[in-house]
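Here is what each chain is made of, one letter per residue.
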Amino acid sequence: MTKIAIIGAGPCGLSMLRSFEQAEIKGEKIPEIVCFDKQDDWGGLWNYSWRTGSDQYGDPVPNSMYRYLWSNGPKECLEFADYSFDEHFGKPIPSFPPREVLYDYILGRVKKGNLKDKVKFNTTVTNVAYKKNNFELTYRNKKDDSISKDNFDYVVVSTGHFSVPFIPEYPGMKSFPGRIMHSHDFRDAEEFRDKNVVVLGSSYSAEDVALQCHKYGAKSVTIGYRHNPMGFKWPKGMKEVYHLDRLEGNKAIFKDGHEQATDAVILCTGYLHHFPFISEDLKLKTNNRLYPPKLYKGVVWQNNHKLMYLGMQDQFHTFNMFDCQAWFARDVIMGKIKIPNDSEIETDINKWVSMEEKLENPDQMIDFQTEYTKELHSLSDYPKIDFELIRKHFKEWEHHKVENIMTYRNKSFSSPVTGSLGPVHHTPWETAMDDSLKVFLDQKK
Ligand SMILES: Cc1cc2nc3c(=O)[nH]c(=O)nc-3n(C[C@H](O)[C@H](O)[C@H](O)COP(=O)(O)OP(=O)(O)OC[C@H]3O[C@@H](n4cnc5c(N)ncnc54)[C@H](O)[C@@H]3O)c2cc1C
Ligand SMILES: NC(=O)c1ccc[n+]([C@@H]2O[C@H](COP(=O)([O-])OP(=O)(O)OC[C@H]3O[C@@H](n4cnc5c(N)ncnc54)[C@H](OP(=O)(O)O)[C@@H]3O)[C@@H](O)[C@H]2O)c1
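Residues numbered from 1 in each chain as written. Chains lettered and ligands numbered in written order. Predicted model: local features only at pLDDT ≥ 70, side-chain atom pairs only at ≥ 80, totals over all residues. Heavy atoms only, no water.

S.K.: Would you mind showing me how to read the overall build of the chain here?
M.R.: Assigned secondary structure in the chain consists of nine helices and 18 strands. Expected size for 445 residues packed as a compact globule is a radius of gyration near 22 Å; at 22 Å, the chain falls within 12% of this value. Going through the 445 residues of the chain one by one, you find that 57% of them count as buried. In the chain, the share of contacts with a sequence separation of at least 24, taken over all contacts with a separation of at least 6, comes to 67%. Here the chain displays about 18800 Å² of accessible surface, and carbon together with sulfur accounts for 50% of that area. Side-chain charges of the chain comprise 58 positive and 62 negative groups, with the mean position of each set lying 2 Å from the other. (Helix = DSSP H or I, 4+ residues; strand = E, 2+ residues; numbered from the N terminus. Rg over C-alpha atoms; globule rule 2.2 N^0.38 Å. Buried < 20%, exposed > 50% of the residue type's maximum accessible area, 1.4 Å probe, protein only. Contact = heavy atoms within 4.5 Å. Areas by Shrake-Rupley, 256 points an atom, 1.4 Å probe, with all protein chains shown as cover. Lys, Arg positive; Asp, Glu negative; His and termini not counted. Charge placed at Lys NZ, Arg CZ, Asp CG, Glu CD.)

Written out as structure tokens, the structure reads:
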């Protein structure tokens, strides 16, 4: 019997498990599956942890999510085709849920069957090597510190790529009297109430961590971009300036001459694709981009078609794109999709990579990832979902952000699965301080 290893039980690993479950329900014979996760429960980044640094076993904490994190895109754009929000919550809910609500939704789909039995928790895969036509996996049970080995026909890497922070150094950091941290370790904006905060970066973490600090009462927030400013209309108390040059004492000095007294510097400088557990010949090496090279259809490792990577792209589309990837990977593993010859693979990868290299703005990037996801969708029996509506929603969302970065999360979108419209939330995001599931779902009739 074919045996497959899934490394990681975050959203991508769960998509993989779900895809096999659906095939089995249809009466197909599925492979033996073992899923590994080094955390003590499933859900990946969505399984919030208060911990930073090391866990109780001495391993780095993979979690990067923080208290008060709300979805930064409309939930309708990430909805599962086979499990709608309406089905999970029993009613339409607003379009920008907080983390706990999305976590509940992700788990709702996988909780009902026996998928959890397939996951070895508190188990870190420490080595993957290809030997004699199969993969030898070495893994460590963190609880009893024991090492085991097992062989698999296929390996699916779904370990995420927003867990290992990229931490640059700027002059003056060593003698800076305040706090310096990466967004990976950011947990609670309350810590920065009444403080002057400098945030470095110009992508989603910089945008949202800066907004969080402002929302929870920071005295000032100064964002230092390196290449392109985000350029939103920031509220009073926030500004965006050009690139940090150095810190002098408690002063941040920027390359445009701007100076700002600061209590804390938060590095929102992104993450590394980091796979220390995979042998060199199998290791994906890439920065955060929409089409990492060497992956056929963004999934199958070019030099060994029995190795798959899920979710390694920079992401506009998330959960339903992960599903399309998982359904595709499943069908490759089950022999329903045939992998073409090396030259066709090369041509296909080059086609996508060269299109990606020409992208100039967010609308084009949304189009690119929508086309990619639609193509994958067409290759398997992943249920019907309206990706054209999702494309439209993403573009509208981008424009809402440009109109007003403080209010874009108050907007409503319609479901690409059920068609229902998300109701307006009872409290605007800016003043909604309690983001618990209970309060969020307590919508007035
Ligand atoms: C701060 C932050 C906010 C985000 N907010 C949103 C959002 O609002 N909406 C959205 O759609 N997306 C958001 N994302 C994007 C996020 O990447 C995806 O939503 C999703 O979590 C990716 O799923 P994944 O399974 O690829 O990775 P992860 O969620 O990172 O899960 C990977 C899993 O693999 C496990 N693992 C890793 N290495 C090993 C190993 N060697 N052995 C065993 N297990 C291992 C980890 O423990 C983890 O459980 C956010 C990301 C970040 C960092
Ligand atoms: N739900 C939410 O609200 C929420 C919140 C946070 C994050 N997220 C998600 O988290 C994921 C990761 O986002 P991310 O912003 O952490 O990573 P990212 O998108 O990869 O962006 C990394 C940023 O770091 C900057 N950078 C890198 N090195 C730098 C340096 N030396 N000095 C200054 N800036 C530097 C880059 O700027 P250059 O362009 O100059 O290279 C870029 O702006 C995304 O999927 C996002 O959607 C979601």
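S.K.: Looking at this structure, I do not really get the packing of helix H7 (residues 362–378) against helix H8 (residues 387–403). What am I missing?
M.R.: Helices that pack against each other are described as a pair by the angle of their axes relative to one another and the distance between those axes. Relative orientation of the contacting elements H7 and H8 amounts to 160°, with a least axis distance of 10 Å. When the axes of H7 and H8 are compared, the pair comes out roughly antiparallel. Relative to H8, the crossing made by H7 is right-handed. Here H7 contributes Pro362, Asp363, Ile366, Asp367, Thr370, Glu371, Thr373, Lys374 and His377 to the contact with H8, which in turn contributes Phe387, Glu388, Arg391, Phe394, Lys395, Glu398 and His399. By residue class, the composition of the contact of H7 with H8 is four nonpolar, four polar and eight charged. (Axes fitted to C-alpha atoms, helices over the stretch in contact; angles between N-to-C directions. Parallel < 35°, antiparallel > 145°, perpendicular 65-115°, else oblique. Left-handed = near helix turned anticlockwise from the far one by under 90°. Nonpolar A, V, L, I, M, F, W, Y, C, P; charged D, E, K, R; others polar.)

S.K.: Any chance you could explain the sheet that holds strand S13 (residues 251–254) here in plain terms?
M.R.: Paired through their backbone hydrogen bonds, the strands of a sheet run either parallel or antiparallel. Reading across the sheet, the three strands line up as S12-S13-S14 and stay open at both edges, with antiparallel pairing between neighbours. Strands with a single pairing partner mark the edges of an open sheet, and in this sheet they are strand S12 (244–248) and strand S14 (259–261). When the angles between neighbouring strand axes are averaged without regard to direction, this sheet yields 20°. Bridge analysis of S13 against S14 gives three bridges, and the strand direction is antiparallel. Directly across from Lys251, in S14, lies its bridge partner Ala261. (Pairing = 2+ DSSP bridges.)

S.K.: Can you walk me through the site of ligand 2 in this structure?
M.R.: Around ligand 2 sit 22 residues, and of these Tyr170, Ser203, Ser205, Arg226 and His227 come closest. Here Tyr170 contributes a side-chain N or O atom positioned 2.5 Å from a nitrogen atom of ligand 2. One nitrogen or oxygen atom from the side chain of Asp208 is found 3.1 Å from an oxygen atom belonging to ligand 2. When the free accessible area of ligand 2 is taken as 930 Å², the share hidden by the protein chains comes to 83%. Of the residues assigned to the shell around ligand 2, the class counts are 10 nonpolar, nine polar and three charged. (Near = heavy atom within 4 Å. Polar contact = N/O pair within 3.5 Å; in protein donor to acceptor, adjacent residues only side chain to side chain.)

S.K.: Explanation requested: helix H6 (residues 342–357) in the structure shown.
M.R.: Each full turn of the α-helix corresponds to 3.6 residues, which orients residues three or four apart in the same direction. If you check H6, its first and last C-alpha atoms are 22 Å apart, about what 16 residues at 1.5 Å a residue would give, namely 22 Å. Elements in contact with the buried residues of H6: strand S16 (295–296) and H7. (Expected span 1.5 Å × (residues − 1).)

S.K.: Even after reading the chapter, I still don't get the site of ligand 1, so can you show me in this structure?
M.R.: Contacts to ligand 1 come from 31 residues, most closely from Cys12, Asp37, Gln39, Leu45 and Thr318. Between ligand 1 and Cys12, the relevant distance is 2.9 Å, taken from an oxygen atom to a main-chain nitrogen or oxygen of the residue. Lys38 places a main-chain nitrogen or oxygen 3.1 Å from a nitrogen atom of ligand 1. If one sorts the elements of the shell around ligand 1 by residue count, strand S4 (residues 123–131) sits on top with three residues. For the shell around ligand 1, the residue count by class is 15 nonpolar, 14 polar and two charged.

S.K.: Explain the nonpolar core here, please?
M.R.: In globular proteins that are soluble, nonpolar side chains generally tend to be buried together. The biggest cluster of nonpolar side chains holds 103 residues, and the ones touching the most others in it are Met16, Trp42, Phe186, Val199, Cys213, Ile266 and Met308. Here this core takes 10 residues from helix H5 (residues 319–333), the largest share from any one element. Once residues lying within four places of it in the same chain are set aside, the contact partners of Cys213 are Phe186, Ala189, Phe192, Val197, Ala218, Val221 and Ile266. Counting residues in hydrophobic clusters, the runner-up holds 22 residues, among them Val128, Phe135, Phe275 and Leu284. (Core = buried A, V, L, I, M, F, W, Y, C linked by side-chain atoms within 4.5 Å.)

S.K.: Hey, could you run me through unusual backbone geometry in this one?
M.R.: The phi angle of most residues is negative, glycine excepted, and most peptide bonds adopt the trans form. A positive phi angle, close to 50°, is found at Asn122, a residue other than glycine. Structurally, Asn122 can be placed in the loop between strand S3 (119–120) and S4. When its relative accessible area of 9% is taken as the criterion, Asn122 is described as buried. Despite not being glycine, His243 has its phi angle at roughly 40°, a positive value. Along the polypeptide, His243 turns up in the loop between strand S11 (238–242) and S12.

S.K.: For this particular structure, what's the right way to read the packing of aromatic side chains?
M.R.: Between two aromatic rings, the relevant description is the distance of the centres plus the angle of the planes. Evaluation of the coordinates by the stated rule reveals 31 aromatic pairs. Ring geometry for Phe275 and Tyr309: centres 5.5 Å apart, planes at 65°, overall edge-to-face. Placement of the pair is Phe275 in the loop between strand S15 (264–267) and S16 and Tyr309 in strand S18 (residues 307–309), with a sequence separation of 34 residues. There is no split in this pair, since Phe275 and Tyr309 are both buried. A cation over an aromatic ring shows up here: Lys3 above the ring of Phe152, its NZ or CZ 5.1 Å from the ring centre. (Phe/Tyr/Trp six-rings, centres within 6.5 Å; stacked < 30°, edge-to-face > 60°. Lys NZ or Arg CZ within 6 Å of the ring centre and 35° of its normal.)

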